[in-house]
Amino acid sequence: AVFSAAAMFWVAAWIGLDAFLHGSGYIGRFLADQSRFFTAPPGSEGGFYGEQLVILLLGCFPVSVFALPNMWGDRQPAEELMESNTLAACKRSDLVTWMQLLFWSGLVLASVVRTDSIQYSSLCYFPLTYLGSITIWRAVRWDIQPRVVGYLLPAVGVLFGAAVMAIPYYLGHHSNILRVVFADNPFALAAIDANIPWTFWQAIPGFILAIASIAGWILWRNYRPWLSAQIVFAGGALFTFLSSLFILCNIEKHAQGAAVEFYQSKCGSDCRIRPVGFKTYAHLFYGCRKPDAENGKIYFVAKVSDLCGLPEMPGCNELYRKNGFVFFEYIAEGPGPKK
């Protein structure tokens with residue numbers, strides 16, 4: 001009861017504060033927007049069934065592998081029940097159950113929506129981390145090491161690391177292979193053509209993850225779980241940091257570098273920027289815009305794969321194309337295209 005009351009308190013506080021600052025209509029619009037995801041036709045938001053599970057497995061690696069033995073049921077070993085006092089063991093078991101409920105609730109909701117946005121399963125991060133730490137704690141204290149961890153730790157780590165190592169190789173030096181994969185996607189083909197420098201040393205993050213996973217697996221098999229966890233988590237931390245520096249920044253330039261460049265060029269000018277045919281907030285941040293700005297020139301940004309009738313609209317002149325994006329300036333009076 002206390003746990004439930006504490007959880008509901010923060011929900012009520014958040015709703016109350018939003019209602020106080022923005023009015024009761026804001027809560028209604030928020031709930032309507034959330035219900036839209038559940039009433040939308042299957043596949044309209046992108047993604048596939050089980051995609052959020054894959055995102056959690058890879059995005060939260062290595063703790064996701066350690067958490068697998070505790071995903072359901074009470075896994076308290078006899079040694080733990082005998083050594084711990086009864087009250088502490090019951091509290092620990094109850095908290096594990098709460099974490100399991102929180103994890104599966106978040107995962108089911110994120111899977112029902114069928115979106116490829118990674119933040120929809122973010123509610124699962126905390127319970128996943130706790131369930132993984134329980135596995136490590138039991139392995140350190142009572143030498144209980146689930147086999148599934150020994151199987152998946154090297155398998156996921158090496159495959160994930162190898163995939164990241166392959167990114168500079170294919171994007172920078174063998175993009176023809178990617179052209180075959182994305183032959184039916186004009187925007188992806190144009191994005192691949194972006195002049196972004198890739199070097200082989202940018203594969204270092206994937207190499208570190210693969211080596212750390214193998215080292216952690218060897219230590220896990222030799223009943224040294226604490227050192228195994230330290231090695232794997234240190235490798236994961238280095239992988240995340242270096243990937244952000246060497247990999248993600250270049251992928252971002254392929255995916256939206258041309259658009260960001262255009263938005264930044266309009267920062268401080270009296271104009272409106274309207275992305276058409278795709279959802280983004282980049283124009284508000286990089287273009288220093290406010291959502292309700294209504295003054296100045298109008299610029300439209302569209303993807304080459306979906307121009308939404310902009311070339312045929314009177315007064316809408318194409319400025320240029322770059323890396324899959326097409327930029328327009330709207331001059332004549334009249335209604336603009338639908339977003």
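Above this note sits the structure.
Residues numbered from 1 in each chain as written. Predicted model: local features only at pLDDT ≥ 70, side-chain atom pairs only at ≥ 80, totals over all residues. Heavy atoms only, no water.

Student: Even after reading the chapter, I still don't get the pattern of salt bridges, so can you show me in this structure?
Tutor: It is possible for side chains of opposite charge to pair when their charged atoms get near one another. A full pass over the atoms with the stated rule returns 4 salt bridges. Between D193 and R179 there is a salt bridge, with its nearest N and O atoms 2.6 Å apart. One end of the pair, D193, is in the loop between α10 (186-192) and α11 (204-221); the other, R179, is in helix α9 (residues 175-181), and 14 residues separate them in sequence. Residue R179 is classed as partly exposed on the basis of its relative accessible area, which comes to 28%. (Salt bridge = Lys/Arg side-chain N within 4 Å of Asp/Glu carboxyl O. Helix = DSSP H or I, 4+ residues; strand = E, 2+ residues; numbered from the N terminus. Buried < 20%, exposed > 50% of the residue type's maximum accessible area, 1.4 Å probe, protein only.)

Student: Would you explain the state of the cysteines in this entry?
Tutor: Where two cysteines share a covalent bond between their sulfur atoms, that bond is called a disulfide. Within this structure, the stated rule accounts for 1 disulfide. There is a disulfide in this structure between C267 and C288, and the S-S distance comes to 2.0 Å. Handedness here is read from the sign of the S-S torsion; for C267 and C288, about -75 degrees, the answer is left-handed. Taken together, the residues C267 in the loop between α12 (225-265) and β1 (271-276) and C288 in the loop between α13 (282-286) and β2 (297-303) connect sequence positions 21 residues apart. For the unlinked cysteine C271, the closest cysteine sulfur is that of C267, found at 9.3 Å. (Disulfide = S-S within 2.5 Å.)

Student: Just to check I follow, could you spell out the packing of aromatic side chains for this structure?
Tutor: What the rule picks out here adds up to 19 aromatic pairs. On the basis of an interplanar angle of 70 degrees and a centroid distance of 6.5 Å, the ring pair of F262 and Y263 is categorised as edge-to-face. Judged by relative accessible area, F262 falls into the buried class, the value being 3%. Taking the centre distance of 5.7 Å and the plane angle of 75 degrees together, the rings of F262 and Y299 count as edge-to-face. Of this pair, F262 sits in helix α12 while Y299 sits in strand β2, and the two are 37 residues apart along the sequence. Feature note: the residues F187, F262, Y263, F278, Y299, Y320, F325 and F327 constitute an aromatic cluster, connected by ring pairs. Sitting over the ring of F187, K303 keeps its end group 4.5 Å from the ring centre. (Phe/Tyr/Trp six-rings, centres within 6.5 Å; stacked < 30°, edge-to-face > 60°. Lys NZ or Arg CZ within 6 Å of the ring centre and 35° of its normal.)

Student: Before we go on, may I ask you to explain helix α1 (residues 2-22) in this structure?
Tutor: Each turn of an α-helix holds 3.6 residues, which means side chains three or four residues apart point in the same direction. The end-to-end C-alpha distance of α1 is 30 Å, a good match for the 30 Å that 21 residues give at a rise of 1.5 Å each. Taken from the residues just after α1, G23 is the one with a positive phi, measuring 90 degrees. (Expected span 1.5 Å × (residues − 1).)

Student: I keep staring at the sheet that holds strand β4 (residues 325-330) and nothing clicks. Help me out?
Tutor: Note: strands within a sheet are paired through backbone hydrogen bonds, in either parallel or antiparallel orientation. Spatial ordering of the open sheet is given by β1-β2-β4-β3, a layout of 4 strands whose pairing is mixed. Edge positions in the sheet fall to β1 and β3 (316-322), since each of these pairs with one other strand and no more. Put simply, the sheet's adjacent strands are angled 25 degrees from each other on average, direction ignored. Pairing between β3 and β4: 6 bridges, direction antiparallel. Bridge pairing in β4 links K322 to F325. Taken strand by strand, α12 contacts β1, β2, β3 and β4, and its axis lies near 25 degrees from that of β4. (Pairing = 2+ DSSP bridges. Axes fitted to C-alpha atoms, helices over the stretch in contact; angles between N-to-C directions. Contact = heavy atoms within 4.5 Å.)

Student: I'm lost on helix α7 (residues 125-142) in this one. Help?
Tutor: In a regular helix each residue adds 1.5 Å, so 18 residues correspond to 26 Å; α7 covers 26 Å between its end C-alpha atoms and thus fits that length. Within α7 the residues assigned to the buried category are P127, L128, Y130, L131, G132, I134, T135, I136, R138, A139 and W142. Positive backbone phi, approximately 55 degrees, marks D143, located one or two places after α7.

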